[in-house]
Amino acid sequence: MPTIIDGKAISTAIKDELKKEVADRNIKATLAVIQVGNDPASTVYVGNKKKACAYIGIGSKSYELPEETTEEDLLGLIDDLNKDDEISGILVQLPVPKHINEKKITAAISPLKDVDGFHPESVGRLCIGQEGFVSCTPAGIIELLKRTGVEIEGKECVVIGRSNIVGKPMALLMLANNATVTVCHSRTKDLAGICKRADILIAAVGKPKMITSEYVKEGAVVIDVGIHRMENGKLCGDVDYDDVYEHTSAITPVPGGVGPMTIAMLMVNCVKAAAWEK
Ligand code: NAD
């Protein structure tokens, strides 16, 4: 029987470990969470992040800015927070409104407080194997694999997707863990043929149920990063779970797989930020 990788249980275990560490080591940390505008999905994500901070015993400060906030004002706030010793981590909830340049915002956050791991310096550190903040979703996938006992070293890994926040850092992390990595994207030829080689297949393609059993080698580990709301209101991933399940040795469900890990790894980064020499 394939293992259903329980991201909810693993994320709870991580948060409980952090809660203990924060209490035992008397760690003082405060996460600044900036939201520009009031996109309902962003409001839910921000709320969940603040709840997770409270759960593990660190502070959070909210900055809810109006939609019409200028780029200059947002950069000014980030600059103030960069200099504020009480703030250990800074997060700007993405996406920001169109009149604000996301790249500029990401690069303005001090790399020492970059708990999302999106700053070019963080990405560079990941690339050359230096200690730094790692993008939360791919870091969470490594934890899922390790805590499920999936061996990564020497395995053939195929990542579908090359976005800056999932696909690329995912490929770098698998490489750092000694997998042999192939990255596929929208221009890849014979996608199914390449995926079928994978011992570990990671789908971050953003297309509901695209990955069917045709893409999966018998006994592969399948990690589904996608999240989509179907017409019936239920959630599904990039993987056609019902079709693929019996061909895998382990698989993440949607919901309850990769999703809960993102916030758990954000909390890991917040605790790390508190200890980071400023
Ligand atoms: P994205 O749209 O930025 O990137 C998608 C990637 O898939 C691109 O690199 C593109 O080249 C590739 N792609 C698109 N169509 C393809 C095709 N037909 N064949 C092969 N490759 C193709 O998306 P993203 O931000 O990387 O997110 C991917 C998915 O993961 C989305 O469904 C998103 O909602 C989800 N996501 C989940 C979490 C989480 O916490 N679980 C976090 C981030 C993203």
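Position numbers for residues start from 1 in each chain and track the written sequence from start to end. Local features in this predicted model are restricted to residues of pLDDT 70 or higher, and side-chain atom pairs are both shown and tallied only at a pLDDT of 80 or more, whereas totals for entire chains, interfaces and linings draw on every residue. In computing side-chain values, all of the structure's heavy atoms are included and hydrogens and water are not.

Visitor: How would you sum up empty space enclosed by the protein? Please name residues and give values.
Guide: A pocket, in this scheme, is an open set of points on a 1 Å grid over the protein atoms alone with protein on both sides within 12 Å along at least 5 of 7 lines, while a cavity is a set where a 1.4 Å probe fits but cannot get out; residues line either one if an atom lies within 4 Å of a point. Grid points are joined across faces, edges and corners, and a volume is the space filled by probe spheres set on the points. Counting across every chain of the model gives three cavities of 30 Å³ or more. Looking at the largest cavity, its volume works out to about 60 Å³. Around the largest cavity sit Val 92, Leu 94, Ile 105, Thr 106, Ile 109, Asp 114, Asp 116 and Phe 118, which together line it. Under this grouping Gly is polar, as are all residues other than the nonpolar Ala, Val, Leu, Ile, Met, Phe, Trp, Tyr, Cys and Pro and the charged Asp, Glu, Lys and Arg. Here the lining of the largest cavity is built from residues that sort into five nonpolar, one polar and two charged.

Visitor: Can you lay out the site of the ligand for me, pointing to particular residues and giving the numbers?
Guide: Neighbouring the ligand are 23 residues, the closest being Arg 162, Ser 163, His 185, Lys 207 and Thr 262. In protein, a polar contact means a hydrogen-donor-capable atom and an acceptor-capable atom, both N or O and within 3.5 Å, with residues adjacent in sequence counting only if both atoms are side-chain atoms; elsewhere, any N or O pair within 3.5 Å suffices. In the environment of the ligand, a nitrogen atom lies 3.3 Å from a nitrogen or oxygen atom belonging to the backbone of His 185. With respect to the ligand, the side chain of Thr 262 contributes an N or O atom lying 2.7 Å from an oxygen atom. One can see that the ligand is located within the largest pocket. Grouping the amino acids of the shell around the ligand by side-chain chemistry returns ten nonpolar, ten polar and three charged. If even one non-hydrogen atom of a residue comes within 4 Å of a molecule or strand, that residue is called near it. Just a note on the criterion: a molecule sits in a pocket or cavity if more than half of its atoms are within 2 Å of the grid points.

Visitor: Please set out the pattern of salt bridges residue by residue, giving values where relevant.
Guide: Basic side-chain nitrogens of Lys or Arg form a salt bridge, by our definition, when they fall within 4 Å of a carboxyl oxygen of Asp or Glu. What the rule picks out here adds up to twelve salt bridges. Close ionic contact of Arg 147 with Glu 17 constitutes a salt bridge, the shortest N to O distance being 2.9 Å. Highlighted residues: Arg 147 in helix 6 (residues 136-147) and Glu 17 in helix 1 (residues 7-24), separated in sequence by 130 residues. With a 1.4 Å probe rolled over the protein chains alone, any residue whose accessible area is under 20% of its type maximum counts as buried; one over 50% counts as exposed, and the rest are partly exposed. The exposure class of Arg 147 is partly exposed, given its relative accessible area of 37%. Given the relative accessible area of 43%, Glu 17 is considered partly exposed. The closest approach of N and O atoms between Glu 143 and Arg 147, which form a salt bridge, is 2.7 Å. Under the scheme used here, helices are H or I runs from DSSP no shorter than 4 residues and strands are E runs no shorter than 2 residues, and both carry numbers assigned from the N terminus.

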